Amino acid sequence: MRSYLSYLECTACGETYSAEEPHTICPRCGKVLFARYDLEAAKAQLDRDALARRPRGMWRWFEIMPVRNPDHIITLGEGDTPLLPAGRLGEVLGSGKLWIKDEGLNPTGSFKARGLSAAVSKAKELGITSMAIPSAGNAAAALAAYGARAGMRIYQFMPQDVPEMMRKESHQYGAHAYLVRGLINDAGRMVREGTKRKGWFDVSTLREPYRQEGKKTMGLELAEHFGWTLPDAIIYPTGGGTGLVGMWKAFHELEQLGWIGPKRPKMIVVQAEGCAPIVRAYQAGQRHAELFPNAHTIAPGIRVPVAIGDYLILDAVRASGGTAVAVSDAEIMRDMREMARLAGVFASPEGAATLSAYKRLRASGFLSPDDVTVLFNCGSAFKNAELIQAPTLPVLDPNDPAWLDQVA
Ligand SMILES: *Cc1c(COP(=O)(O)O)cnc(C)c1O
Ligand SMILES: [Zn+2]
């Protein structure tokens, strides 16, 4: 088994760099680097059905993943999450073609596990021993877990209102965790300063080439699930955009391998009304997004006022004939409950936002009941317990002969 990784390439200026040494952003222009593979050789030698028969998990795609030596893989069993028919939720919405990819079942409860399994594995291979991350919580928890397994020193910087469970989780994994008076972009600036002075390796979203290689496996799984075709639409809760950009890259690589045809899903961005830089840029016809002022939403993972990969996200949305939608916190709260009640999925607020977007796009006619549509529930609501307001439950007395009268 060998990886067909060949080099790193800048997505903006096209400069190439060795993949055998650590890199973050393009040293020449400061934009995002992509891992490139020798897909021609891979096409001649790889059999997609053989990969499909391997034991479950995202590392079964080893040949088109960036780690050279399988011994360097740091895994907790991430990937191959359930792709669930929306069932009763679909019935209520009048579509039998709605699916939910439940990423909340990943280790550490979110799809950040995929990206950080890839990034930490590659970093270990390259001899890196300390890593730093700005995070709304889930990425920090995932980095802390994989870093713990790899025996690395992990530094993390999170907004002060980070959900309690994510903070506790990182502490248990032994990370050096700090709260920041500010948002994730402020934390990002601090990480960059610390990296310069302390020698940490910066694993911020898309400022490091390998997290998206982990997230691209979501796209590989979709292609395989649908019999090497792709759905009509994918709705993705977009913060930094790693998953959307990663899946789009996966589809390109799959076509190069000859495993799928040219058909692509409409790539649909959903953001919160209180923080919608990509939606704004999309509507304004721009390729780069401006910093979104006073960013606020109950969905921490998409409270990202500025993203280095904005042009990659917007290019994918436009090239695919997709769109970008902003939804309100009230819709998100309503749809967290609805995903739970009608589909049995305990969705994070970000995951619920995809349902809110789906409803809007059905109402506007952008999507039809016949469109095979995948909603990404990117994390588990176990991490967002403080958002969920359950009523106080009645307490029954087992010695009260009339206890059953109190049961509806
Ligand atoms: C990080 C995160 C997102 C946003 O993912 P990106 O790939 O950075 O756009 C969405 N939802 C949850 C739960 C997250 O943790
Ligand atoms: Zn460049």
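Attention in this report is confined to the structure presented alongside it. Note that this is a predicted model, so its numbers are computed, not measured.

## Some details on the sheet that holds strand β2 (residues 16-17)
Hydrogen bonding along the main chain pairs the strands of a sheet, whether they run parallel or antiparallel.
Reasoning step 1: Strand order across the open sheet formed by 3 strands is β2-β1-β3, with antiparallel pairing between neighbours. Only two strands of the sheet have a single neighbouring strand rather than two, namely β2 and β3 (33-37).
Reasoning step 2: Note that strand β1 (residues 5-10) and β2 share 2 bridges and pair antiparallel. Bridging across to β2, L8 finds its partner in Y17.

## Points about the coordination of the zinc ion (ligand 2)
Reasoning step 1: Looking at the metal site, the zinc ion (ligand 2) is ligated by C10 (SG), C13 (SG), C26 (SG) and C29 (SG), spaced 2.3 Å from it.
Reasoning step 2: Between the 4 donor atoms coordinating the zinc ion (ligand 2), the angles at the centre fall across 98 to 118 degrees, so the site counts as tetrahedral.
Reasoning step 3: Of note, the donors binding the zinc ion (ligand 2) are all from one chain and are spaced C-x2-C-x12-C-x2-C. Of this pair, C10 sits in strand β1 while C29 sits in the loop between β2 and β3, and the two are 19 residues apart along the sequence.

## Let's talk about the pattern of salt bridges
Reasoning step 1: For the structure shown, the criterion picks out 30 salt bridges.
Reasoning step 2: Here R56 and D80 are joined by a salt bridge, their closest N and O atoms 3.9 Å apart. With a gap of 24 residues between them, R56 in the loop between α2 (48-53) and β4 (83-85) and D80 in the loop between α2 and β4 connect regions that are remote in the sequence.
Reasoning step 3: In this structure, R303 engages D161 in a salt bridge whose closest nitrogen and oxygen atoms are separated by 2.8 Å. Here R303, found in the loop between α10 (277-284) and α11 (310-319), pairs with D161, found in the loop between β7 (153-159) and α6 (164-173); they are 142 residues apart in sequence, far enough to count as distant.

## Focus: the packing of helix α9 (residues 242-256) against α11
Reasoning step 1: Between α9 and α11, whose axes approach to 9 Å, the crossing angle comes to 55 degrees. Here α11 runs oblique to α9, going by the angle between their axes. Regarding α9 and α11, the two cross each other, and that crossing is left-handed. Where α9 abuts α11, its residues L244, V245 and W248 lie against L312, I313, A316 and A319.

## A few points about the site of ligand 1
Reasoning step 1: Taken together, 15 residues surround ligand 1, and among them K112, K215, Y236, G239 and G241 come closest.
Reasoning step 2: In the complex, 96% of the free accessible area of ligand 1, which totals 380 Å², lies under the protein chains.

Definitions and limits used
Residues numbered from 1 in each chain as written. Chains lettered and ligands numbered in written order. Predicted model: local features only at pLDDT ≥ 70, side-chain atom pairs only at ≥ 80, totals over all residues. Heavy atoms only, no water. Pairing = 2+ DSSP bridges. Helix = DSSP H or I, 4+ residues; strand = E, 2+ residues; numbered from the N terminus. Donors = N, O, S within 2.8 Å, 3.2 Å for Na, K, Ca; no water. Tetrahedral: all angles 85-135°; square planar, octahedral: opposite > 155°, others 65-115°. Salt bridge = Lys/Arg side-chain N within 4 Å of Asp/Glu carboxyl O. Axes fitted to C-alpha atoms, helices over the stretch in contact; angles between N-to-C directions. Parallel < 35°, antiparallel > 145°, perpendicular 65-115°, else oblique. Left-handed = near helix turned anticlockwise from the far one by under 90°. Contact = heavy atoms within 4.5 Å. Near = heavy atom within 4 Å. Areas by Shrake-Rupley, 256 points an atom, 1.4 Å probe, with all protein chains shown as cover.

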